[in-house]
Amino acid sequence: MRDINLKATEYFEAVARLGTVTKAAQELGVSPSAVSQQLSALEAQFGVKLFRREKRRLILTLDGDRLFQTTTQAFGALRNARSAIGRQRDMRSLTIRVSPSFGVRWLGPRIATFAADNPDWNIRIDATPDFTAFETEAVDLDLRYGLGGWAGLTVEPILNDMALPMCSPDYLKKLTAISPDPAEQLRHARLIDSVKTIYRWDIWLAANRIDLPDLSYPFRFDRSSMSVEMAKQGGGVALDSAVLCLGELERGELVPLAPTFPVISFDAYWIVCPPRHLNRRIVKRFSDWVMQEARQTEARTRDVLEDAGCQFRPGEVSEMKEVTPWSL
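Residues numbered from 1 in each chain as written. Predicted model: local features only at pLDDT ≥ 70, side-chain atom pairs only at ≥ 80, totals over all residues. Heavy atoms only, no water.

**Description of the overall build of the protein chain**
Part 1: Across its full length, the protein chain carries 12 helices and 12 strands.
Part 2: A compact globule built from 328 residues should have a C-alpha radius of gyration of about 20 Å, whereas the protein chain, at 33 Å, is more than 25% larger.
Part 3: Here the C-alpha coordinates of the protein chain stretch approximately 105 × 35 × 30 Å along the principal axes.
Part 4: When the 328 residues of the protein chain are sorted by exposure, 48% land in the buried category.
Part 5: Summarising the internal contacts of the protein chain: among those between residues at least 6 apart in sequence, 78% fall at separations of at least 24.
Part 6: Mean positive and mean negative side-chain charge positions of the protein chain (42 and 42 charges, respectively) differ by 11 Å. (Helix = DSSP H or I, 4+ residues; strand = E, 2+ residues; numbered from the N terminus. Rg over C-alpha atoms; globule rule 2.2 N^0.38 Å. Buried < 20%, exposed > 50% of the residue type's maximum accessible area, 1.4 Å probe, protein only. Contact = heavy atoms within 4.5 Å. Lys, Arg positive; Asp, Glu negative; His and termini not counted. Charge placed at Lys NZ, Arg CZ, Asp CG, Glu CD.)

**What about the pairing of strand E1 (residues 51-54)?**
Part 1: By the bridge criterion, 4 bridges tie E1 to strand E2 (residues 57-60) in an arrangement that is antiparallel. In the sheet register, Glu 54 faces E2, and the bridge partner there is Arg 57.
Part 2: Here E1 folds back onto E2, and the loop between the two strands holds 2 residues, one of which, Lys 55, carries a positive phi near 55°. (Pairing = 2+ DSSP bridges.)

**Section: empty space enclosed by the protein**
Part 1: In the structure shown here, the tally under the stated rule is 1 cavity of 30 Å³ or more.
Part 2: Around the largest cavity sit Tyr 145, Asp 161, Ala 163, Thr 197, Ile 198, Tyr 199, Leu 239, Asp 240, Ser 241 and Phe 266, which together line it.
Part 3: Secondary-structure elements contributing two or more residues to the lining of the largest cavity are strand E6 (154-167) and strand E9 (237-241).
Part 4: A per-element tally of the lining of the largest cavity places E9 first, with 3 residues. (1 Å grid on protein atoms, 1.4 Å probe; cavity = no way out; pocket = protein on both sides within 12 Å on 5 of 7 lines; lining within 4 Å. Points joined across faces, edges and corners; volume = space filled by probe spheres on them.)

**Here's the deal with the nonpolar core**
Part 1: Judged by nonpolar contacts, the single largest core of 53 residues is most densely connected at Trp 106, Leu 143, Ile 158, Leu 186, Trp 204 and Phe 286.
Part 2: With 7 residues, the top contributor of residues to this core is helix H12 (residues 281-307).
Part 3: Filtering out sequence-adjacent residues up to four positions away, Trp 106 remains in contact with Ser 101, Leu 159, Val 243, Leu 244, Val 290, Glu 293, Ala 294 and Thr 297. (Core = buried A, V, L, I, M, F, W, Y, C linked by side-chain atoms within 4.5 Å.)

Given below as structure tokens:
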């Protein structure tokens, strides 16, 4: 291989493939004279003519055609390999779509750990209410909030939600000063409504046999993160996810309204993607990591609520409403 002029061979292949020196020069980004010089050098090296000129077009000789058949296959294979490497480089990315509140309050504080363990991968997270059309969008997997059962996709539960009424300690003191009875407290409380959650106030009140003559919501939010923040600031009582506000519960910024009301536990967060996506190593690695982080979150949340004296009961499908995939 040392005695083969690779540059001249590359120039020759381009001329033979395109038919003119000018076109080859344009493709190679050099001058036509540079191409002609390399062709002359290659012919001198082989001791044969590689082209004959007919009118304004170069025609391969028999020797030239033999060389071209070999070189075009070799350079074609190199171009394909280069393209494949480029595609592989571009594929070193992971795109995740996640419901907004879950993305901000749960995934966001944790994703740096996964990124540190996978430094060669580019990670993109879309916290959006849009549904993923996997056949047309370049999204690897979804972290969805809902009741599951999305047809045609791999659907794996990752985390139980735990819904209960919560408020700030100061707000609870105000309610306790009105009455020791939690049901009576609710009749005087400002209820914060998370309008896109699976378990809503009207369902919860009926399940606990609490009748509010005038059920109204001074505050209504379409994001749980906003409801939780309002409750933390003393704005009222939020019926929402203990999973999403675990930090506030651990720090005592939020407390259960009354441990006598059971915490409603149900599957609410899911990994969703086409089955073929799990064949990608990074997708499988991320899925396993999410599962592990979710188990730790669920255990911590249960411990905090049990320490507060709470009991649990499973939510019934009949008392929960389906939501759009990205509601929470």
